[in-house]
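The residues making up each chain are set out below.
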Amino acid sequence: MSSTKNVLAITSSIFGEHGESSKLVERLVKRFEAQGAKIARRNVTQNIPHVDAARFKALTSPADQLDDAQRSVVAFSNALIAELQAADTIILAAPMYNFSIPSQLKSYFDHVARAGITFKYTEQGPVGLLQNKKVYVMTTRGGFYKDTPNDLETPYLKNLLGFLGLTNLEIIYVEGIGISAEQKAQAVKAAEAEVDALKI
Ligand SMILES: Cc1cc2nc3c(=O)[nH]c(=O)nc-3n(C[C@H](O)[C@H](O)[C@H](O)COP(=O)(O)O)c2cc1C
């Protein structure tokens, strides 16, 4: 039995569609498209403001106490969350910028990590509420960090996504792309082969 998949492709490269992570996301999107999946796209480098104190207050206040400006802040966050909730498959670009995720992606997470909506606190600890979703992560790096203490990115992502209930991750690493043109070509080719071989 196969049902139509709902894919959310999240890109976060400052280089837009030319980013190495964006290109890999698109490669996997094309595979899902060929299967008839519905594709939604979210480029977090566009129009995602930082969550400042005013926005945080709006996001954490009771709905009946909000003014119009606060309601629109909440509506924006709700719309981002609705995209995640609607997806059964998430393809996430996570280029490494200064040892971690792009700040724009961090801002996005600040909008979608909402108590009572995407996670909840219980007597047994926090529980993620985005469940039963597969997440493919494309992480591109200038250097080599995988499985070293200097990789502060994928442990952070596993932690953050897991906190939201997203525990079924498949991570594709593209490393050393800043070392030389040859190394970059080799790493990209290997990652493309990995994407093409994913059982989707
Ligand atoms: C602002 C910035 C910071 C970066 N910091 C790192 C870093 O800490 N470690 C690393 O290996 N590469 C770093 N790089 C290189 C990127 O990881 C590499 O260029 C990768 O291709 C970025 O993916 P993208 O093309 O999808 O944006 C950095 C690049 C930029 C633009």
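Each remark here, short or long, concerns the structure printed above.
Visitor: I tried to follow empty space enclosed by the protein on my own but got confused; where do I start?
Guide: Vacant regions in the atomic arrangement are exposed by a probe of water-molecule size rolled over the atoms. Applying the stated criterion across every chain yields a total of 1 cavity of 30 Å³ or more. Within the residue set of the lining of the largest cavity, elements represented by two or more residues are β3 (89-93) and α4 (103-112).

Visitor: Help me understand the pattern of salt bridges in this model?
Guide: Where side chains of opposite charge bring their charged atoms close, a pairing between them can arise. Scanning the model with the defined rule gives 14 salt bridges in all. Where Asp110 meets Lys106, a salt bridge forms, and the shortest distance between an N and an O atom there is 3.0 Å. Here Asp110 pairs with Lys106, and both are found in helix α4, just 4 residues apart, close to one helical turn. Given a relative accessible area of 35%, Lys106 falls into the partly exposed group. A salt bridge links Glu153 to Arg141, with the nearest nitrogen and oxygen atoms 3.2 Å apart. With Glu153 in helix α5 (residues 153-163) and Arg141 in the loop between β6 (134-140) and α5, this residue pair connects regions lying 12 residues apart in the sequence. Owing to a relative accessible area of 0%, Glu153 belongs among the buried residues under this scheme. For Arg141, a relative accessible area of 1% puts it in the buried group. Through salt bridges with shared partners, one network takes in Arg141, Asp151, Glu153 and Glu175.

What counts, and where the lines are drawn
Within each chain, residues carry numbers counting from 1 in the order of the written sequence. Reporting in this predicted model follows two pLDDT cut-offs: at least 70 for local features of residues, and 80 or more for side-chain atom pairs to be given and counted; totals over whole chains, interfaces and linings ignore these cut-offs and use all residues. Side-chain calculation: all heavy atoms of the structure are included, whereas hydrogens and water are not. The rule is simple: put a 1 Å grid over the protein atoms alone, call a set of points where a 1.4 Å probe fits but cannot get out a cavity, call an open set with protein on both sides within 12 Å along at least five of seven lines a pocket, and count a residue as lining if it has an atom within 4 Å of a point. Grid points are joined across faces, edges and corners, and a volume is the space filled by probe spheres set on the points. Only DSSP runs of H or I with at least four residues qualify as helices, and only runs of E with at least two residues qualify as strands; both kinds are numbered from the N terminus onward. The term salt bridge refers to a side-chain nitrogen of Lys or Arg lying within 4 Å of a carboxyl oxygen of Asp or Glu. Relative accessibility thresholds used throughout: buried, under 20% of the residue-type maximum; exposed, over 50%; partly exposed, between the two (1.4 Å probe, protein chains only).

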